[in-house]
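Next come the chains, spelled out residue by residue.
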Amino acid sequence: MTADLTRPDSVRDAAVSGVPAALADLGSLVRIPSIAFPGFDRAEVQRSAEAVKALADGLGIFDAVTIADAAIPGTDERGMPAVLASRAARNGKPTILLYAHHDVQPVGDDALWESPPFEPTVRDGRLYGRGAADDKAGVMVHIGALRALKEALGDDFDLGVALFIEGEEEAGSRSFAQFLSDHSDALRADVIVVADSGNWDQKTPALTVSLRGNTRFTLKVRTLDHASHSGMFGGAVPDAMMATVRLLDTLWDADGTVAVEGLATRDAATPEYSEETLRDEAGLPAGVAPIGRGPILGRIWNQPSITVTGVDAPTVVNASNTLSPEISVVVSARVAPGQVAREAYEAIERHLRAHAPFGAELEFRDVDFGDGFLVDTSGWAVGAVREAFHEGYGVEPVDIGVGGSIPFIADLVQTFPSAQILVTGVEDPHARAHSPNESLHLETFRNALVSEALLLEKLDARPA
Ligand SMILES: [Zn+2]
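Residues numbered from 1 in each chain as written. Predicted model: local features only at pLDDT ≥ 70, side-chain atom pairs only at ≥ 80, totals over all residues. Heavy atoms only, no water.

Some points on the coordination of the zinc ion
So, point 1. Protein coordination at the zinc ion comes from H101 (NE2), D134 (OD), D196 (OD) and D196 (OD), with a distance range of 1.9 to 2.7 Å.
So, point 2. Of note, the donors binding the zinc ion are all from one chain and are spaced H-x32-D-x61-D. Remark: D134 occurs in the loop between β5 (126-128) and α4 (136-153) and H101 occurs in strand β3 (residues 95-101); sequence separation between them is 33 residues.
So, point 3. Judged by its relative accessible area of 0%, H101 is buried.
So, point 4. Assessed through its relative accessible area of 4%, D134 is described here as buried. (Donors = N, O, S within 2.8 Å, 3.2 Å for Na, K, Ca; no water. Helix = DSSP H or I, 4+ residues; strand = E, 2+ residues; numbered from the N terminus. Buried < 20%, exposed > 50% of the residue type's maximum accessible area, 1.4 Å probe, protein only.)

Below, the structure is given as structure tokens:
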């Protein structure tokens, strides 16, 4: 029996036996309310970074472990503390960058939590707590997988490793691109694992191969210089609400499909997903029809969508018999993977200008966009992670798209264009990330940790 034959098995054994310790450390991280939003205590994010740094130091495999922050471009503020650790590759082996984030979403209404959000609690095979899934479990998958590699192989591994645990993902990653450029040498890698996404279900792992992009802006529609009595002039001049309603209506066809010329749709097959499941997961009542055309997951993963997410208009309680001179709305659009988000924004602005009823004046401001992402699935690392998933979960993985956006991935692609990016995660459809009663499915955590340890072993064993 050669040493090479026993390596994967010894890594797997070490990973499995390390799960209880990883869960205990996860519990300690969940106890720290590391919310990076304005108005919350930055000291807690710092404390969380220090706890993650201690875990990275404890591995004993890195050349350097630091806590660092970066400037937020265009401001005099600094971003939130991240943990950065690195170890150089030896003997021509690849380097892997492991990404997760240690900050969490605010908890919202405490009363909606069945157990306190920062008190890790196990019920029915799940660990409840804010950050238990998103994304402190991602942090602990990385730490647990590295522990297994070290335990099984000792210092006898050549894989280069960079660990980057961000501290402000939930708060918009405002210093992310700056951080990448400040630390590009320490972060440069052949393969990047972003452990911040989800799986198909509680048994079936998934590789996220596409993400929609997004664009969001505020639109002001103006038709009058000032408000007027609706009895005096109503019927002869357009009020801004009428113009806004008619304008917004042009954004969709009668069945709810986006009707804006210049917005792309990606042509790709999607797995079967029934209307019944959609109704259940989205909370769509029996009498209300779904919108859009084509396979349901295709609508969510591969087509654009447009949602009006806010309106500034007279409130119901303040309504008077008045013609409103101006109305503002926030338009939030999802962009098909493959289309540049700025281009999608420009198509929507063009459409709105071309359709402004009665010559209404339009003003666009607070424009924001983030690009989507398409994995090049031809890279060797995709094959390696699929194998590792199969071995770790005992089930073939599926490729999934995600209707949401992780804009910082575009920054990774731009800074490290030759790296292969693998988007994985520990969430399952019941994780309720960002919501009350967020939880981690414990069996998924175990399988994710084992899979990542097996992936590290494969990369280390790759011929130089
Ligand atoms: Zn996350």
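Some remarks on the pattern of salt bridges
So, point 1. Taken as a whole, this structure holds 28 salt bridges when the rule is applied.
So, point 2. In this structure, E114 engages R123 in a salt bridge whose closest nitrogen and oxygen atoms are separated by 3.8 Å.
So, point 3. Residue E114 is classed as exposed on the basis of its relative accessible area, which comes to 64%.
So, point 4. Residues joined by salt bridges that share partners form a network here, namely K220, R222, D225, E326, E361 and E363. (Salt bridge = Lys/Arg side-chain N within 4 Å of Asp/Glu carboxyl O.)

Structural notes on the domain arrangement of the protein chain
So, point 1. Domain annotation for the protein chain reports domain 1 (7-211 + 372-461) and domain 2 (214-275 + 291-369).
So, point 2. On a C-alpha basis, the centres of domain 1 and domain 2 stand 36 Å from each other.
So, point 3. Counting residues at the interface gives 13 residues for domain 1, matched by 11 residues for domain 2.
So, point 4. Carbon and sulfur atoms make up 58% of the area that domain 1 and domain 2 hide from each other, which totals about 890 Å².
So, point 5. Looking at the side of domain 1 facing domain 2, the largest losses of area belong to W200, L374 and G403, adding up to 43% of the total buried there. (Domains from an automatic or database assignment. Contact = heavy atoms within 4.5 Å. Buried area = accessible area lost by both parts, 1.4 Å probe.)

Remarks on the pairing of strand β9 (residues 213-222)
Across a regular strand the side chains alternate sides, sitting on one face of the sheet and then on the other.
So, point 1. Here β9 lies mainly inside the structure; 8 of its 10 residues are buried.
So, point 2. In the sheet, β9 pairs with strand β13 (residues 326-335) via 10 bridges, with the strands oriented antiparallel. Each bridged residue has a counterpart across the sheet, and for V221 the counterpart in β13 is I327.
So, point 3. Relative to strand β14 (residues 361-370), β9 is paired through 8 bridges, and the arrangement is antiparallel. Its bridge partner lying in β14, R216 is registered against D368. (Pairing = 2+ DSSP bridges.)

As for the sheet that holds β9
So, point 1. Taken together, the 4 strands give an open sheet; going across it, the order is β11-β13-β9-β14, and neighbouring strands pair in antiparallel fashion. Sheet topology places β11 (305-312) and β14 at the edges, where each strand pairs with a single neighbour. Direction aside, the axes of adjacent strands within the sheet are offset by 20 degrees on average.
So, point 2. Bridging between β11 and β13 involves 7 bridges; their strand directions are antiparallel. (Axes fitted to C-alpha atoms, helices over the stretch in contact; angles between N-to-C directions.)

Thoughts on the packing of aromatic side chains
So, point 1. Enumeration according to the criterion identifies 11 aromatic pairs in this entry.
So, point 2. Relative to F408, the ring of Y99 has its centre 4.6 Å away and its plane inclined at 45 degrees; by these criteria the two rings are tilted. Residue Y99 is found in strand β3, and its partner F408 is found in helix α13 (residues 408-415); the two are separated by 309 residues along the sequence. The pair Y99 / F408 is uniform in exposure class, with both members buried.
So, point 3. The interplanar angle of 75 degrees and the centroid separation of 5.3 Å between the aromatic rings of F217 and Y345 together place this pair among those described as edge-to-face. (Phe/Tyr/Trp six-rings, centres within 6.5 Å; stacked < 30°, edge-to-face > 60°.)

Focus on a nonpolar patch on the surface
So, point 1. A cluster of nonpolar side chains, namely M232, F233 and V237, defines an oily patch on the protein surface of about 290 Å² accessible area.
So, point 2. Mapped onto the secondary structure, V237 falls in the loop between α7 (230-233) and α8 (240-249). (Patch = residues over 30% accessible without salt bridge, like charges linked within 9 Å, V, L, I, M, F, W, Y side chains within 5 Å. Areas by Shrake-Rupley, 256 points an atom, 1.4 Å probe, with all protein chains shown as cover.)

Some words on the sheet that holds strand β18 (residues 439-441)
So, point 1. Pairing in this open sheet of 3 strands is antiparallel, and the strands run β4-β5-β18 from one edge to the other. Each edge of the open sheet carries a strand with a single partner, namely β4 (121-123) and β18. The average angle at which neighbouring strand axes cross in this sheet is 25 degrees, direction not considered.
So, point 2. Looking at chain direction, β4 and β5 are connected through 3 bridges and run antiparallel. Across the sheet, the residue bridging to V122 is L127, located in β5.

Topic: unusual backbone geometry
So, point 1. A cis amide bond, omega 5 degrees, links D134 with the succeeding residue D135.
So, point 2. Among the structural elements, D135 can be located in the loop between β5 and α4.
So, point 3. Its identity is not glycine, yet N91 carries a phi of approximately 55 degrees, on the positive side.
So, point 4. On the secondary structure map, N91 appears in the loop between β2 (82-87) and β3.
So, point 5. We classify N91 as exposed; its relative accessible area is 60%.
So, point 6. Residues other than glycine seldom take positive phi values, yet D366 does so here, at roughly 50 degrees.
So, point 7. Along the chain, D366 turns up in strand β14.
So, point 8. Of the residues examined, D366 reaches a relative accessible area of 52% and is grouped as exposed.

Some points on α4
So, point 1. Between its first and last C-alpha atoms α4 spans 26 Å; for 18 residues at 1.5 Å apiece the expected length is 26 Å, and the two agree.
So, point 2. Among the 18 residues in α4, 14 count as buried, and that is most of the element.
So, point 3. Positive backbone phi, approximately 60 degrees, marks G154, located one or two places after α4. (Expected span 1.5 Å × (residues − 1).)

Focus on the side chain of D460
So, point 1. Note that D460 resides in helix α14 (residues 442-461).
So, point 2. Setting aside residues up to four positions removed in sequence, D460 forms contacts with R7, K93, L153, D156, F157, D158 and L159.

Concerning the environment of A254
So, point 1. Structurally, A254 can be placed in the loop between α8 and α9 (275-282).
So, point 2. Separated by 245 residues in sequence, A254 and D9 place their C-alpha atoms 57 Å apart.

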